[in-house]
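Next come the chains, spelled out residue by residue.
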Amino acid sequence: MPSQQGLWDAWHGQAHGPDAEPVHREFLDTFLSQLPPPDGAGPLLELGCGQGHDALYVAGCGYSVRALDLSPAAIERANDNLGAHPDADVRFLQHDTAMPLPFQDEAFDGIYSYLALHYFDDSTTRSVFSELRRVIHPGGTLAFCVKSVRDPLFGKGDLLEPEMYSLDGHVRHFFDPRYATGLLRTWEALRITESRGRYLDSRPSGLLQVIARRPADEGVAAD
Ligand SMILES: C[S@@+](CC[C@H](N)C(=O)[O-])C[C@H]1O[C@@H](n2cnc3c(N)ncnc32)[C@H](O)[C@@H]1O
């Protein structure tokens, strides 16, 4: 699979403001509504945080956040944005989500990712979800939004494996609800919703929004 880091570094060469699309803001607020209040919650993790706007919003609500992105250019911009939020408890780290996460087991009360988990082949996606389950605390909430098979770009470009295409160097693995359900076999799926929305100035995308919980009852089968 072609490396995607150069492509994302180039994209982050420009500053992007927060995505004001309602579907994005509502999803982030739904994630927050599933969490314990900040004074009783452990840290939260964001994967593919880009320039840090969502992590800073969540930190502004009082949570402690660790936020990762593949692109050093994104992390540099996120740290610049952090400058305007001196009280925010956020740490931005350059890290490839496809690699094991640099955190202890059960370190987080919540994990969030917006348009950053649909870049991996099936085998890597399954490893990523095993890592998410490892680092989330029992009872913790996972919220992610990915491109769906109803996206206008689905089926365009070179087929890499089922539901996964490379178009002009961009690799995308489009999810359908059944695929998401399969990934969440050892989670409690709270919501799997298909919707449409823009991201920044792009054309409308097909989205799959998922909220799930790691069962608090450790008697439930693990991976
Ligand atoms: C469409 S942007 C979304 C950024 C941010 N979540 C937001 O909503 O504004 C996708 C982000 O995923 C990051 N990304 C792509 N592949 C990644 C990987 N393997 N590991 C971590 N981050 C990755 C990109 O650098 C980019 O910042």
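The rules behind each value
Residues numbered from 1 in each chain as written. Predicted model: local features only at pLDDT ≥ 70, side-chain atom pairs only at ≥ 80, totals over all residues. Heavy atoms only, no water. Pairing = 2+ DSSP bridges. Helix = DSSP H or I, 4+ residues; strand = E, 2+ residues; numbered from the N terminus. Axes fitted to C-alpha atoms, helices over the stretch in contact; angles between N-to-C directions. Buried < 20%, exposed > 50% of the residue type's maximum accessible area, 1.4 Å probe, protein only. Contact = heavy atoms within 4.5 Å. Near = heavy atom within 4 Å. Polar contact = N/O pair within 3.5 Å; in protein donor to acceptor, adjacent residues only side chain to side chain. Nonpolar A, V, L, I, M, F, W, Y, C, P; charged D, E, K, R; others polar. Salt bridge = Lys/Arg side-chain N within 4 Å of Asp/Glu carboxyl O. Core = buried A, V, L, I, M, F, W, Y, C linked by side-chain atoms within 4.5 Å. UniProt positions renumbered as here; feature names shortened; annotations may be inferred. Phe/Tyr/Trp six-rings, centres within 6.5 Å; stacked < 30°, edge-to-face > 60°. Lys NZ or Arg CZ within 6 Å of the ring centre and 35° of its normal.

Looking at an unreviewed UniProt entry, one finds the protein chain named Methyltransferase domain-containing protein, with Sphaerisporangium flaviroseum as its source organism.

A. Representation of the sheet that holds strand 7 (residues 164-167) in the model. Judged by pairing direction, the sheet is antiparallel, and its 3 strands sit side by side in the order 6-7-8 without closing on themselves. Two strands in the sheet have a free side with no partner beyond their single neighbour: strand 6 (158-161) and strand 8 (170-173). The average angle at which neighbouring strand axes cross in this sheet is 30°, direction not considered. Alignment of strand 7 against strand 8, held across 4 bridges, turns out to be antiparallel. By the bridge assignment, L167 is partnered in strand 8 with H170.

B. Representation of helix 3 (residues 53-60). Buried within helix 3 we find D54, A55, L56, V58 and A59. In this fold, the buried residues of helix 3 make contact with helix 2 (22-33), strand 1 (44-47), strand 2 (65-69), helix 4 (72-82), strand 3 (90-94) and strand 4 (108-114). Just past helix 3, the residue G62 takes up positive phi, approximately 110°.

C. Layout of the site of the ligand. Looking at the ligand, there are 19 residues lining it, with H12, G48, D69, D96 and Y199 nearest. Measuring from a nitrogen atom of the ligand, one finds a backbone N or O atom of L70 at 3.1 Å. At a separation of 2.8 Å, a nitrogen atom of the ligand approaches a polar side-chain atom of D96. Partitioning the shell around the ligand into residue classes produces 9 nonpolar, 7 polar and 3 charged.

D. Here's a closer look at the pattern of salt bridges. Taken as a whole and judged by the stated rule, the model has 8 salt bridges. Where D54 meets R25, a salt bridge forms, and the shortest distance between an N and an O atom there is 3.5 Å. A residue pair is termed long-range when its members are at least 10 positions apart, and D54 in helix 3 and R25 in helix 2 qualify at 29 residues. Looking at D54, the relative accessible area reads 6%, which means it is buried. Owing to a relative accessible area of 22%, R25 belongs among the partly exposed residues under this scheme.

E. Layout of the nonpolar core. In this structure, L45, I111, L117, F129 and L132 are the most contacted members of the largest nonpolar core, which totals 29 residues. Of all the elements in the fold, those that place two or more residues in this core are strand 1, strand 4, helix 5 (122-135), strand 5 (136-147), helix 6 (177-183) and strand 10 (205-213). Contact partners of L117, with chain neighbours within four places excluded, come to L47, T97, V128, F129, L132, F144, V146 and F175.

F. Region of the structure containing the UniProt feature "domain: Methyltransferase" (unreviewed entry) in the protein chain. As recorded in UniProt, the feature "domain: Methyltransferase" (unreviewed entry) lies at residues 45-140. Helix makes up 34% of residues 45-140 and strand 26%, with an end-to-end C-alpha separation of 11 Å.

G. Representation of the environment of G197 within the structure. Counting through the fold element by element, G197 comes out in strand 9 (residues 188-197). For G197, a relative accessible area of 5% gives the class buried. Taking the C-alpha atoms as reference, G197 lies 20 Å from Q51; in sequence the two are 146 residues apart. Residues contacting G197, with those up to four places away along its chain left out, are E21, V23, R203, P204, S205 and L207.

H. Representation of the packing of aromatic side chains in the model. The full count for this structure, using the stated rule, is 13 aromatic pairs. With a centroid separation of 5.1 Å and 85° between ring planes, the pair formed by F175 and Y179 is classed as edge-to-face. The two residues F175 and Y179 agree in class, both being buried. Ring pairing ties together the aromatic residues W8, W11, Y119 and Y199, which thus form one cluster. Geometry around Y57 places R25 over its ring, the cationic atom sitting 5.3 Å from the centre.

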